[in-house]
Amino acid sequence: MENKRVRLRYAPSPTGPQHIGGIRTALFSYLFAKKHGGDFILRIEDTDQTRFVKGAEEYIIESLNWCGIKIDEGVSVGGPHAPYRQSERKALGIYQKYAEQLVKDDFAYYAFDTGEELDEMRKRLEAAKVVAPQYNSVSRQNMKNSLTLSEDEVKKLLSENVPYVIRLKVPRSEEIRFHDIIRGWVVVNSSQVDDKVLLKSDGMPTYHLAHIVDDILMEITHAVRGEEWLPSAPAHMLIYRYLGLESTMPQYAHLPLLLKPDGNGKLSKRDGDRLGFPTFPLDWTDPATGELSSGYREKGYFPEAFINILVLLGWNPGTVQELFTLEELAQLFTFERVSKSGAKFDPEKAKWFNQQYLRKKSDEEIAALFLPLLKEHLPAGSPLLESKYVTTFCKLIKEKAHFVNEFWSLGSYFFIAPESYDADVLKKRWNEQSEKFMLVLTDNYKAIDNFTAAETENIFKQTGEQTGVAVGTVMQLLRVLLTGVGGGPMLFEMMELLGKKETLQRLETALTKVKN
RNA sequence: GGCCCGUUCGUCUAGGGGUUAGGACACCAGAUUUUCAUUCUGGUAACAGGGGUUCGAUUCCCCUACGGGCUACCA
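Throughout, a residue's number is its position along its own chain's written sequence, starting from 1. Written order decides the labels, with chains lettered from A and ligands numbered from 1. It should be noted that, the model being predicted, local features are given only for residues of pLDDT at least 70 and side-chain atom pairs only at 80 or more, the latter also being counted only at that level, while totals for whole chains, interfaces and linings use all residues. Note: side-chain values were computed over all heavy atoms of the structure, leaving out hydrogens and water.

**Student:** Can you break down the overall build of chain A residue by residue, with the values?
**Tutor:** Secondary structure follows DSSP: runs of H or I at least 4 residues long count as helices, runs of E at least 2 residues long count as strands, and numbering of each begins at the N terminus. Secondary structure assignment for chain A yields 21 helices and 14 strands. What you see for chain A is a C-alpha radius of gyration of 32 Å, clearly larger than the 24 Å of a compact globule of 516 residues, by over 25%. With the principal axes as the frame, chain A shows a C-alpha extent of 110 × 50 × 40 Å. Partly exposed residues are those whose accessible area sits between 20% and 50% of the maximum for their type, while under 20% is buried and over 50% is exposed, using a 1.4 Å probe and protein chains only. In chain A, which comprises 516 residues, the proportion classed as buried is 52%. A contact between two residues is defined here by any heavy atoms of the two lying within 4.5 Å. Long-range contacts, defined here as pairs at least 24 residues apart, represent 71% of the contacts in chain A between residues at least 6 apart. Positive charges come from Lys and Arg, negative ones from Asp and Glu, while His and the chain ends are left out of the count. For the purpose of locating charges, the reference atoms are NZ of Lys, CZ of Arg, CG of Asp and CD of Glu. In chain A, the 65 positive side-chain charges and the 71 negative ones have mean positions that sit 2 Å from each other. With C-alpha atoms as the basis for the radius of gyration, the globule rule is written as 2.2 Å multiplied by the number of residues raised to the power 0.38.

Have a look at this one:
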């Protein structure tokens, strides 16, 4: 065990898009694997044919790719343990073999009860005031299974192809102890565990059997999953034991859940956009209803920011560092620093993270991201699409933004002269004095050639002295005359970028318009 | 209902028997930039409650409360 190569898998069910909790599970698994120089495997658990959703598998792969989580082995890349899709593994008879072995060893049994019979059993137990009606060591005695039927009867039913399931034969009362990396020892009495179905009547394994068989065959060393699996973990321990695989079973880590920010319950796929922030990494269109759920990618989040947000939900490095690259995380990550309690997603902090990464990026990188968006607003071939202009624009505007996709609404006036002017600022600052100042300023600007930020600022101050106007009272007004709005990036830097001609033109236009 | 897991500022969290209980986001204030914003500085704000154990508990134990999970031939 000690020298085994570390291998972790992310094993989602393709029932739709993965929500951010699932991606976090994948991320933690990936980080742990990489920290120990091991492998990250993607396995698709498509054992429920009724819930299969087309496109879900592709979505999962694309999501992981976007996050920068590299799949070493799995459905998309293959590997020594292929196939990695459980439906295909079932076709190979892999699970059936294990289930039959358990029956043979008297750790499992055939059950022929129909759905109606199961319903009746539950009703009967409820009527008898049984607190937790379940198919277990007691109730199984009154059901139709290979424990109550004679050997001949069982053989007959089997030969007649009567549908059956294989159930785990859970002992009546036995303490089951298991160790969780995050929670320590957990003890449950087997009387609380029901006789779980291992093999369904359609021949497919249930999650309980399938994940164990595959984790063993794929040599998984650490099984990471959400806390919602904790109650069924004792059953899983029993299966390992009955299969004689306890010594090679993976260590389990049950992660705290991601909670709905509005109070109660775990975050769910169905939350969609209801909460005002995306629940999914990427946009997803439901193939059945056509309904669109938005994703972080399309909302304008950088993948670096996205994983940074996720990793800090339930984990921390124990230092004050908050910004990490994937590589750094792969160095720092440990399960010891994963907390036990659920975490709510904070949309405000998420924006802050994206802003941090926005500021980290070079102006050239950002310009490349913004250019396609800009092209939607400008005619092809516009001189304003020129690289230097756009790059400088990005340099100025990024200080004001959280997302690249805010750039246009924040700074469209860099590309289109304003049509109207902020009425509040005008009301407050426009008067004879300031008008005089602007006229003198216009003349002064006309007279200079090097229209740099430093120079225009100088002239601006000089004009203040010249006219006896306190420049603080006209600075924002000048901004409004040039851009229409009261806020924006550094004023003189902005003027430099606009250039002398454009600046003067806007100033003159504004002066005539505002007068009326 | 039963079983399991949890509980530090509004949120994410650090800490851990003796601390002014630390940081981050958000919020507020001041400073600076003779503009808005940025930035900087400061501030408001938390150990769920009750019992123990102890010289001393937020920290360890128990109970209660609250929150969450599970209770399918779903994962």
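**Student:** Any chance you could break down the packing of helix α17 (residues 432-446) against helix α19 (residues 475-483) for me, citing the residues and the numbers?
**Tutor:** Running from N to C, α17 and α19 point in directions that differ by 65°, and their axes come no closer than 11 Å. The two elements α17 and α19 meet at a crossing, and its hand is right-handed. On α19, the residues touching Ser-434, Met-438 and Leu-441 of α17 are Leu-477, Leu-478 and Leu-481. Of the residues in the contact of α17 with α19, the class split is five nonpolar, one polar and no charged. Note on definitions: angles span 0 to 180 degrees between N-to-C directions of axes, and those axes are lines fitted to C-alpha atoms, for helices only across the stretch in contact. For a crossing to be left-handed, the near helix must be turned anticlockwise from the far one by less than a right angle; the clockwise case is right-handed. Any residue outside Ala, Val, Leu, Ile, Met, Phe, Trp, Tyr, Cys, Pro, Asp, Glu, Lys and Arg is labelled polar, Gly included; the first ten of those are nonpolar and the last four are charged.

**Student:** I'd love a proper account of the domain arrangement of chain A, names of residues and values included.
**Tutor:** Boundaries between domains were set according to an automatic or database domain assignment. In terms of domains, chain A is made up of domain 1 (271-357), domain 2 (362-411) and domain 3 (423-515). Between domain 2 and domain 3, the C-alpha centre-to-centre distance is 24 Å. Every contact between the two is made by six residues of domain 2 and, on the other side, six residues of domain 3. Buried surface at the junction of domain 2 and domain 3, both sides included, amounts to about 570 Å², of which 76% is carbon and sulfur. Salt bridge, as applied in this entry: a Lys or Arg side-chain nitrogen positioned within 4 Å of an Asp or Glu carboxyl oxygen. The interface formed by domain 2 and domain 3 contains zero salt bridges. Whenever a nitrogen or oxygen atom comes within 3.5 Å of another N or O atom, the pair is scored as a polar contact, on the condition that within protein one atom can donate a hydrogen and the other can accept it, and that pairs from neighbouring residues in sequence are kept only if both atoms are in side chains. Linking domain 2 to domain 3 there are one residue pair in polar contact (both at pLDDT 80 or more). Residues of the side of domain 2 that touches domain 3, tallied by class, amount to four nonpolar, one polar and one charged. Values labelled buried area give the accessible surface lost by two parts on being combined, using a 1.4 Å probe and summing over both.

**Student:** Just give me the short version of the pairing of strand β4 (residues 108-111), but keep the residues and values in it.
**Tutor:** Burial along β4 is two-sided: Ala-108 and Tyr-110 and Tyr-109 and Ala-111, pointing in opposite directions, are all buried. Note: two strands are recorded as paired if DSSP finds a minimum of 2 bridges between them. Inspection of the sheet shows β4 paired to strand β5 (residues 165-168) by four bridges, in the antiparallel sense. Residue pairing for β5: Ala-108 is matched across the bridge by Leu-168.

**Student:** Any details on the pairing of strand β10 (residues 251-255)? Residues and values, ideally.
**Tutor:** Judged by how many residues are buried, β10 sits mostly within the fold: four of five residues are covered. Bridge analysis of strand β9 (residues 222-226) against β10 gives five bridges, and the strand direction is parallel. Considered in β10, the bridge of Val-224 is made with Ala-253. We call a crossover right-handed when, viewed with both strands directed away from the observer, the connection leading from the first strand over the helix to the second proceeds clockwise. In this view, the connection linking β9 to its parallel neighbour β10 by way of helix α8 (residues 233-242) has right-handed handedness.

**Student:** Tell me about helix α21 (residues 500-515), and please be specific about residues and values.
**Tutor:** Between the first and last C-alpha of α21 there are 23 Å, a value that for 16 residues agrees with the 22 Å anticipated at 1.5 Å per step. Within the sequence span of α21, burial applies to Thr-503, Leu-504, Arg-506, Leu-507, Ala-510, Leu-511 and Val-514. All buried residues of α21 lie within an arc of 160° about the axis, which places them on one face of the element. Packed against the buried residues of α21 are α16 (423-429), α17, α19 and α20 (491-498). By this rule, a helix spans an expected 1.5 Å times one less than how many residues it contains. This arc describes the spread of directions from the helix axis toward the C-beta atoms.

**Student:** Pulling in residues and values, what's your account of the packing of helix α14 (residues 387-397) against α20?
**Tutor:** The N-to-C vectors of α14 and α20 enclose an angle of 170°; their axes lie 11 Å apart at closest approach. With respect to each other, α14 and α20 are oriented roughly antiparallel. Between α14, through Tyr-389, Thr-392, Phe-393 and Leu-396, and α20, the contact on the second element is made entirely by Glu-493, Met-494, Leu-497 and Leu-498. Residues that form the contact of α14 with α20 fall into these classes: six nonpolar, one polar and one charged. Throughout, the term roughly parallel applies to angles under 35 degrees, roughly antiparallel to angles over 145, roughly perpendicular to angles from 65 to 115, and oblique to all others.

**Student:** Can you lay out the sheet that holds β5 for me, pointing to particular residues and giving the numbers?
**Tutor:** Here we have three strands laid out as an open sheet, ordered β4-β5-β8, and antiparallel in their pairing. Lying at the two open borders of the sheet, with one neighbouring strand each, are β4 and β8 (197-199). In this sheet, adjacent strand axes meet at a mean angle of 40° when their direction is disregarded.

**Student:** Explain the packing of aromatic side chains to me, using residue names and the numbers behind them.
**Tutor:** Note on ring pairs: Phe, Tyr and Trp rings are taken, using the six-membered ring of Trp, and paired if centres are within 6.5 Å. Classes follow the plane angle, with under 30 degrees stacked, over 60 edge-to-face and the rest tilted. Throughout the structure, instances matching the rule amount to 32 aromatic pairs. A ring pair is formed by Phe-32 and Phe-335, whose centres lie 4.8 Å apart and whose planes are at 35°; its orientation type is tilted. Taken together, the residues Phe-32 in helix α1 (residues 20-35) and Phe-335 in the loop between α11 (326-332) and β14 (343-344) connect sequence positions 303 residues apart. Overall, Phe-32 belongs to the buried group, its relative accessible area being 10%. For Phe-335, a relative accessible area of 2% puts it in the buried group.

**Student:** Outline the nonpolar core, listing residues and values.
**Tutor:** Counting 117 residues, the largest nonpolar core has Phe-335, Phe-370, Phe-407, Phe-414 and Tyr-445 as the members making the most contacts within it. In terms of residue count, α1 provides more of this core than any other element does, nine residues in total. Beyond its immediate stretch of four places on either side in the chain, Phe-370 contacts Val-390, Phe-393, Cys-394, Val-404, Phe-407, Trp-408 and Phe-415. Listed in part, the 38 residues of the second largest apolar core include Val-170, Leu-198, Leu-209 and Met-249. Buried Ala, Val, Leu, Ile, Met, Phe, Trp, Tyr and Cys residues that are joined via side-chain atoms within 4.5 Å together make up what is termed a nonpolar core.

**Student:** Any chance you could break down unusual backbone geometry for me, citing the residues and the numbers?
**Tutor:** With omega at 0°, the peptide bond leading from Ala-82 into Pro-83 counts as cis. If you check the backbone angles, Lys-129 has positive phi at about 60° while not being a glycine. Within the secondary structure layout, Lys-129 lies in the loop between α5 (115-127) and α6 (151-159). Phi at Asn-161 is positive, roughly 60°, even though this residue is not glycine. Inspection of the secondary structure assignment puts Asn-161 in the loop between α6 and β5. Exposure remark for Asn-161: the relative accessible area of 64% places this residue in the exposed category.

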